[in-house]
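# Report on the structure
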Amino acid sequence: MNDHGVRFGRIAATLPVRDINKAHDFYTGVLGFRKLFENGNPVGFMILKRHDAELHLTLQPGRKAATFNVAHLIVEDVDQLHAVCQKNGTRIIKSLADKDYGLRAFVFEDPDGTRIDVGQPI
(Lines give C-alpha, C1' and ligand atoms only; values in the text may rest on other atoms or scores of the structure.)
Protein backbone atom coordinates (compact mmCIF):
# COMPACT_ATOMS: atom_id res chain seq x y z
CA MET A 1 0.00 0.00 0.00
CA ASN A 2 1.28 3.44 -0.88
CA ASP A 3 0.68 5.62 2.20
CA HIS A 4 1.27 9.06 0.75
CA GLY A 5 -0.21 10.82 3.79
CA VAL A 6 -3.29 12.23 2.04
CA ARG A 7 -6.58 11.48 3.82
CA PHE A 8 -9.54 10.97 1.48
CA GLY A 9 -13.01 12.36 2.20
CA ARG A 10 -16.34 11.62 0.57
CA ILE A 11 -16.62 10.57 -3.04
CA ALA A 12 -19.75 11.24 -5.07
CA ALA A 13 -20.88 9.20 -8.06
CA THR A 14 -21.69 11.07 -11.27
CA LEU A 15 -24.56 9.51 -13.17
CA PRO A 16 -25.05 10.33 -16.86
CA VAL A 17 -28.74 10.86 -17.65
CA ARG A 18 -30.67 11.35 -20.89
CA ASP A 19 -33.38 13.48 -19.24
CA ILE A 20 -32.20 15.40 -16.19
CA ASN A 21 -35.74 16.40 -15.13
CA LYS A 22 -36.95 12.80 -15.21
CA ALA A 23 -33.86 11.69 -13.24
CA HIS A 24 -34.43 14.50 -10.73
CA ASP A 25 -38.05 13.45 -10.27
CA PHE A 26 -37.03 9.82 -9.64
CA TYR A 27 -34.22 10.52 -7.19
CA THR A 28 -36.16 13.18 -5.25
CA GLY A 29 -39.69 11.78 -5.54
CA VAL A 30 -38.97 8.07 -5.06
CA LEU A 31 -35.68 7.96 -3.13
CA GLY A 32 -36.06 11.20 -1.18
CA PHE A 33 -32.92 13.06 -2.28
CA ARG A 34 -33.01 16.86 -2.36
CA LYS A 35 -31.44 19.13 -4.92
CA LEU A 36 -28.49 21.16 -3.63
CA PHE A 37 -27.26 22.71 -6.86
CA GLU A 38 -27.90 22.94 -10.57
CA ASN A 39 -26.29 24.83 -13.43
CA GLY A 40 -26.73 25.47 -17.12
CA ASN A 41 -29.59 26.79 -19.17
CA PRO A 42 -31.05 24.35 -19.90
CA VAL A 43 -29.84 22.53 -16.78
CA GLY A 44 -27.00 20.16 -17.61
CA PHE A 45 -25.67 19.34 -14.14
CA MET A 46 -27.28 18.78 -10.76
CA ILE A 47 -26.15 17.75 -7.26
CA LEU A 48 -28.55 15.71 -5.13
CA LYS A 49 -28.08 14.71 -1.48
CA ARG A 50 -29.77 12.57 1.15
CA HIS A 51 -28.03 12.16 4.49
CA ASP A 52 -24.40 11.24 3.64
CA ALA A 53 -25.23 10.06 0.10
CA GLU A 54 -24.55 12.45 -2.76
CA LEU A 55 -25.23 12.00 -6.48
CA HIS A 56 -24.19 14.21 -9.34
CA LEU A 57 -26.38 14.06 -12.44
CA THR A 58 -24.91 15.12 -15.76
CA LEU A 59 -26.96 15.49 -18.92
CA GLN A 60 -25.77 13.08 -21.64
CA PRO A 61 -28.67 12.76 -24.13
CA GLY A 62 -27.04 10.06 -26.28
CA ARG A 63 -25.70 7.83 -23.51
CA LYS A 64 -26.31 4.11 -23.34
CA ALA A 65 -26.89 2.43 -19.98
CA ALA A 66 -24.15 0.19 -18.61
CA THR A 67 -25.10 -3.44 -17.96
CA PHE A 68 -23.29 -3.45 -14.62
CA ASN A 69 -23.84 -1.72 -11.27
CA VAL A 70 -22.40 1.80 -11.34
CA ALA A 71 -22.82 2.61 -7.64
CA HIS A 72 -23.23 0.85 -4.33
CA LEU A 73 -25.42 2.42 -1.65
CA ILE A 74 -25.41 1.30 1.99
CA VAL A 75 -28.67 2.01 3.84
CA GLU A 76 -30.07 1.37 7.31
CA ASP A 77 -33.32 -0.31 6.21
CA VAL A 78 -32.87 -2.14 2.92
CA ASP A 79 -36.26 -3.88 3.25
CA GLN A 80 -38.05 -0.51 3.49
CA LEU A 81 -36.19 0.94 0.50
CA HIS A 82 -36.95 -2.21 -1.49
CA ALA A 83 -40.66 -1.79 -0.63
CA VAL A 84 -40.54 1.89 -1.70
CA CYS A 85 -38.95 0.93 -5.01
CA GLN A 86 -41.56 -1.78 -5.64
CA LYS A 87 -44.43 0.55 -4.71
CA ASN A 88 -43.18 3.13 -7.21
CA GLY A 89 -42.71 0.64 -10.05
CA THR A 90 -38.91 0.82 -10.01
CA ARG A 91 -37.38 -2.03 -12.00
CA ILE A 92 -35.65 -4.51 -9.65
CA ILE A 93 -32.72 -6.22 -11.39
CA LYS A 94 -31.63 -8.52 -8.55
CA SER A 95 -34.11 -9.55 -5.88
CA LEU A 96 -33.71 -8.67 -2.22
CA ALA A 97 -31.71 -11.42 -0.51
CA ASP A 98 -29.11 -12.13 2.16
CA LYS A 99 -25.74 -12.38 0.41
CA ASP A 100 -22.82 -14.58 1.43
CA TYR A 101 -20.62 -11.48 1.70
CA GLY A 102 -22.56 -10.18 4.73
CA LEU A 103 -25.13 -7.84 3.18
CA ARG A 104 -28.86 -7.99 2.63
CA ALA A 105 -29.06 -6.44 -0.81
CA PHE A 106 -30.89 -5.81 -4.08
CA VAL A 107 -30.18 -3.99 -7.34
CA PHE A 108 -32.54 -1.49 -8.94
CA GLU A 109 -32.51 0.36 -12.24
CA ASP A 110 -33.30 4.07 -12.48
CA PRO A 111 -35.33 5.54 -15.39
CA ASP A 112 -32.15 5.79 -17.52
CA GLY A 113 -31.25 2.13 -16.93
CA THR A 114 -28.50 2.95 -14.43
CA ARG A 115 -28.08 0.07 -11.98
CA ILE A 116 -27.52 0.76 -8.30
CA ASP A 117 -26.71 -1.98 -5.79
CA VAL A 118 -28.29 -1.31 -2.39
CA GLY A 119 -27.20 -3.12 0.74
CA GLN A 120 -27.42 -3.27 4.52
CA PRO A 121 -24.96 -5.17 6.74
CA ILE A 122 -26.57 -8.29 8.20
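### What about helix α1 (residues 20-29)?
Buried within α1 are the following residues: I20, A23, H24, F26 and Y27. Summarising the axial view, the buried residues of α1 lie within an arc of 165 degrees, below the 170-degree limit, and thus occupy one face. Exposed side of α1, more than 90 degrees from the buried face: N21 and G29 are the residues found there. Close packing links the buried residues of α1 with β1 (13-17), β2 (34-39), β3 (45-50), β4 (53-59), β7 (103-109) and β8 (115-121). Measuring from the side-chain oxygen of the N-cap residue of α1 to the backbone nitrogen of N21 gives 3.1 Å; that N-cap residue is D19.

### Overview of the pattern of salt bridges
Per the counting criterion, the structure on display carries seven salt bridges. With a closest N to O distance of 3.5 Å, D112 and R18 form a salt bridge. Placement of the pair is D112 in the loop between β7 and β8 and R18 in the loop between β1 and α1, with a sequence separation of 94 residues. Overall, the relative accessible area of 37% leaves R18 in the partly exposed class. A salt bridge links R91 to E109, with the shortest nitrogen-to-oxygen separation between them at 3.0 Å. Of this pair, R91 sits in strand β6 (residues 91-98) while E109 is found in strand β7, placing the two residues 18 residues apart along the sequence. Among the charged side chains, a network of salt bridges with common partners joins D79, D98 and R104.

### Side note on the sheet that holds strand β5 (residues 69-74)
In spatial order, the strands read β5-β8-β7-β6; together these four strands make up an open sheet with mixed pairing. Each edge of the open sheet is held by one strand with a lone partner, namely β5 and β6. In this sheet, adjacent strand axes meet at a mean angle of 15 degrees when their direction is disregarded. As defined by bridge partners, β7 adjoins β8 across seven bridges and the pair is classed as antiparallel.

### Description of helix α2 (residues 78-87)
The complete set of buried residues in α2 reads V78, L81, H82 and C85. Mapping the buried residues of α2 onto a view down its axis gives an arc of 105 degrees, with all of them on the same face. Looking one or two places after α2, you find G89, whose phi comes out positive at around 75 degrees.

### Regarding the pairing of β8
Sheet topology note: the β5/β8 ladder contains five bridges and is parallel. Counted as the bridge partner of N69 is R115 from β8.

Conventions used here
Residues numbered from 1 in each chain as written. Predicted model: local features only at pLDDT ≥ 70, side-chain atom pairs only at ≥ 80, totals over all residues. Heavy atoms only, no water. Buried < 20%, exposed > 50% of the residue type's maximum accessible area, 1.4 Å probe, protein only. Helix = DSSP H or I, 4+ residues; strand = E, 2+ residues; numbered from the N terminus. Arc of directions from axis to C-beta. Contact = heavy atoms within 4.5 Å. Polar contact = N/O pair within 3.5 Å; in protein donor to acceptor, adjacent residues only side chain to side chain. Salt bridge = Lys/Arg side-chain N within 4 Å of Asp/Glu carboxyl O. Pairing = 2+ DSSP bridges. Axes fitted to C-alpha atoms, helices over the stretch in contact; angles between N-to-C directions.

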